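Take a look at the letters that make up each chain.
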Amino acid sequence: NAGVTQTPKFQVLKTGQSMTLQCAQDMNHEYMSWYRQDPGMGLRLIHYSVGAGITDQGEVPNGYNVSRSTTEDFPLRLLSAAPSQTSVYFCASSYGQGLPDGYTFGSGTRLTVV
Amino acid sequence: AQSVTQLGSHVSVSEGALVLLRCNYSSSVPPYLFWYVQYPNQGLQLLLKYTSAATLVKGINGFEAEFKKSETSFHLTKPSAHMSDAAEYFCAVSDRGYSTLTFGKGTMLLVSP
């Protein structure tokens, strides 16, 4: 089925470990972005990309890296995991200009850092 | 930067009652606005969107929202709540040249029999 695929669905890390959250879409969307969801905070933008080779920071980028080598993939890297990065992470994609179909979200990755 | 305010972190209604979830945005220029729903342990599903066409927008599952520029509001309504509507609802506004979204903090809708 077409859509946004995130892997893994669940992950437990130890403080200081690194990992990559994968995000792939097969809708030929130009725009992709990463959000984290925390209770009572809504979703906050971490990093985003408006096309292959172009990325920029969002509201809460510290501790995370991204790259966009292809249109389809937008991985999120945690460099040195901290308990404050315990969260649910969502990847989203959309056509250029972000319209008119809105944004398609993946099913999320639930990350726990101990 | 854009901001979105959702009044009430929790709203409780009885089955069959009117649902009203409030959303106000901060932009001086009418943005594009969205409502998303999230069921437990799932991703976000688009309910409806405003893109500067009709100010009354109809979405899925019987929901609708009205864009009011003078009030900078985009409240979500449904005439009659159903148990299956129990979920968390997020209002969002497009940002950064429409390449990303800014979300409100969410409203949990509780529906009692």
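I will try to describe carefully the structure that is included in this document. (Residues numbered from 1 in each chain as written. Chains lettered and ligands numbered in written order. Predicted model: local features only at pLDDT ≥ 70, side-chain atom pairs only at ≥ 80, totals over all residues. Heavy atoms only, no water.)

Summed over the entire model, instances satisfying the criterion amount to two disulfides over all chains. Between the sulfur atoms of Cys23 of chain A and its disulfide partner Cys91 of chain A the distance amounts to 1.9 Å. Handedness of the Cys23 of chain A-Cys91 of chain A disulfide follows from its S-S torsion of about -75°: it is left-handed. Taken together, the positions of Cys23 of chain A in strand E3 (residues 19-25) and Cys91 of chain A in strand E9 (residues 87-94) put the pair 68 residues apart, joining distant regions of the chain. With respect to burial, Cys23 of chain A and Cys91 of chain A carry one shared label: buried. The disulfide bridge from Cys23 of chain B ends at Cys91 of chain B, spanning 1.9 Å between sulfur atoms. (Disulfide = S-S within 2.5 Å. Helix = DSSP H or I, 4+ residues; strand = E, 2+ residues; numbered from the N terminus. Buried < 20%, exposed > 50% of the residue type's maximum accessible area, 1.4 Å probe, protein only.)

Residues and elements named next belong to chain B. Relative to the helices and strands, Thr107 is located in strand E11 (residues 107-112). A polar contact of 2.8 Å, which involves the side chain of Thr107, links it to the backbone oxygen of Gly8. Once residues lying within four places of it in the same chain are set aside, the contact partners of Thr107 are Gln6, Leu7, Gly8, Ser9, His10, Val11, Leu21, Ala87, Glu88 and Tyr89. (Polar contact = N/O pair within 3.5 Å; in protein donor to acceptor, adjacent residues only side chain to side chain. Contact = heavy atoms within 4.5 Å.)

Turning our eyes to something else, we now look at the interface of chain B and chain A. Across the contact, 22 residues belong to chain B and 25 residues belong to chain A. Together, the buried faces of chain B and chain A total about 1800 Å²; carbon and sulfur atoms form 59% of this surface. In this structure, the connection of chain B to chain A is made through zero salt bridges. Residue assignment for the side of chain B that touches chain A shows that the elements contributing at least two residues are strand E4 (33-38), strand E5 (44-50), strand E9 (87-95) and strand E10 (100-103) of chain B. Residues of the side of chain B that touches chain A, tallied by class, amount to nine nonpolar, nine polar and four charged. (Buried area = accessible area lost by both parts, 1.4 Å probe. Salt bridge = Lys/Arg side-chain N within 4 Å of Asp/Glu carboxyl O. Nonpolar A, V, L, I, M, F, W, Y, C, P; charged D, E, K, R; others polar.)

The next point concerns the packing of aromatic side chains. Across all of its chains, the model carries 13 aromatic pairs over all chains by this definition. Feature note: the residues Tyr35, Tyr103 and Phe105 of chain A together with Phe34, Tyr36, Phe90 and Phe103 of chain B constitute an aromatic cluster, connected by ring pairs. If you follow Arg68 of chain A out to its NZ or CZ, it ends over the ring of Phe74 of chain A, 6.0 Å from the centre. (Phe/Tyr/Trp six-rings, centres within 6.5 Å; stacked < 30°, edge-to-face > 60°. Lys NZ or Arg CZ within 6 Å of the ring centre and 35° of its normal.)

Time to look at the sheet that holds strand E7 (residues 64-66) of chain A. Two modes of strand pairing occur in sheets, parallel and antiparallel, and in both the strands are linked by backbone hydrogen bonds. All names here are of chain A. The four strands are arranged E1-E3-E8-E7 in an open sheet whose pairing can be described as antiparallel. With partners counted over all chains shown, the strands left at the sheet margins are strand E1 (4-7) and E7, one partner each. When the angles between neighbouring strand axes are averaged without regard to direction, this sheet yields 20°. Relative to strand E8 (residues 76-78), E7 runs antiparallel, the two being bridged by three bridges. Looking at the pairing, Asn65 lines up with Arg77 of E8. (Pairing = 2+ DSSP bridges. Axes fitted to C-alpha atoms, helices over the stretch in contact; angles between N-to-C directions.)

Turning to the pattern of salt bridges, a few remarks are in order. Residue and element names in this part refer to chain A. Taken as a whole and assessed by the stated rule, the structure comprises four salt bridges over all chains. One salt bridge connects Asp38 with Arg44, and the closest N-O pair in it is separated by 2.8 Å. Of the two residues, Asp38 and Arg44, both sit in the buried class.

With that out of the way, let us pick up the nonpolar core. Core analysis: the biggest nonpolar cluster contains 26 residues, and Trp35, Leu48, Phe74, Leu76 and Tyr89 of chain B have the highest contact counts within it. Mapped by element, the contributors of at least two residues to this core are strand E2 (10-14), strand E3 (19-25), E4, E5, strand E7 (64-68), strand E8 (73-78), E9 and E11 of chain B. (Core = buried A, V, L, I, M, F, W, Y, C linked by side-chain atoms within 4.5 Å.)

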